[in-house]
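Close look at the chain arrangement
Listed here are the chains, written in short residue letters.
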Amino acid sequence: LTAAMNAFRARRPRSAVMLISCDKEANKLSILASCPEGAIKRGLSAGDWVKTASAAFGGKGGGKPDLAQAGGNDYSKLKETLAAATAYAFSKCPN
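Bear in mind that the values here come from a model prediction, so they are computed numbers and not experimental data. Residue numbers restart at each chain and count upward from 1, following the sequence in its written direction. Only residues with pLDDT of at least 70 get local features here, since the model is predicted, and only at 80 or more are side-chain atom pairs given and counted; chain-wide, interface and lining totals rely on the full set of residues. Calculation of side-chain values draws on the structure's entire complement of heavy atoms; hydrogens and water are dropped beforehand.

**So, the sheet that holds strand S2 (residues 28–34)**
By definition, the strands of a sheet pair up through backbone hydrogen bonds, in either a parallel or an antiparallel sense. Two strands are counted as paired when DSSP detects at least two bridges linking them. Here a strand is any run of E in DSSP of at least two residues, a helix any run of H or I of at least four, and the numbering for each starts at the N terminus. Pairing is antiparallel across the open sheet formed by 4 strands, whose spatial order is S1-S2-S4-S3. The open sheet terminates on both sides in strands that have one partner only, identified here as strand S1 (17–23) and strand S3 (60–63). Adjacent strand axes in the sheet meet at a mean angle of 10°, parallel and antiparallel pairs treated alike. Note that S2 and strand S4 (residues 67–72) share 6 bridges and pair antiparallel. Bridge pairing in S4 places Ser 30 opposite Gly 71. By the convention used here, residues are in contact when the closest approach between their heavy atoms is within 4.5 Å. Note on definitions: angles span 0 to 180 degrees between N-to-C directions of axes, and those axes are lines fitted to C-alpha atoms, for helices only across the stretch in contact. Each of S1 and S2 touches helix H4 (residues 78–92); the most contacted strand, S1, lies at about 175° to it.

See below:
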């Protein structure tokens, strides 16, 4: 996820992004989120975003306002995780 995040940030430095990696066989989800300064000023913190998303699958994580990660063991909660992440991001940056 780190290499993908670095590539994304290089191309879109002013965009907030959350990457989610799924391993169905191992029943694992991993999350990495990045928020630029503009998004942080609007209230979108990568640490809080990751905590909200990972709570949907019983995962744990955190980090700084600009970069955070999480992981957990409940692949079956992927849809709920995506919904929680999307809702949180749009609540902080609606447009």
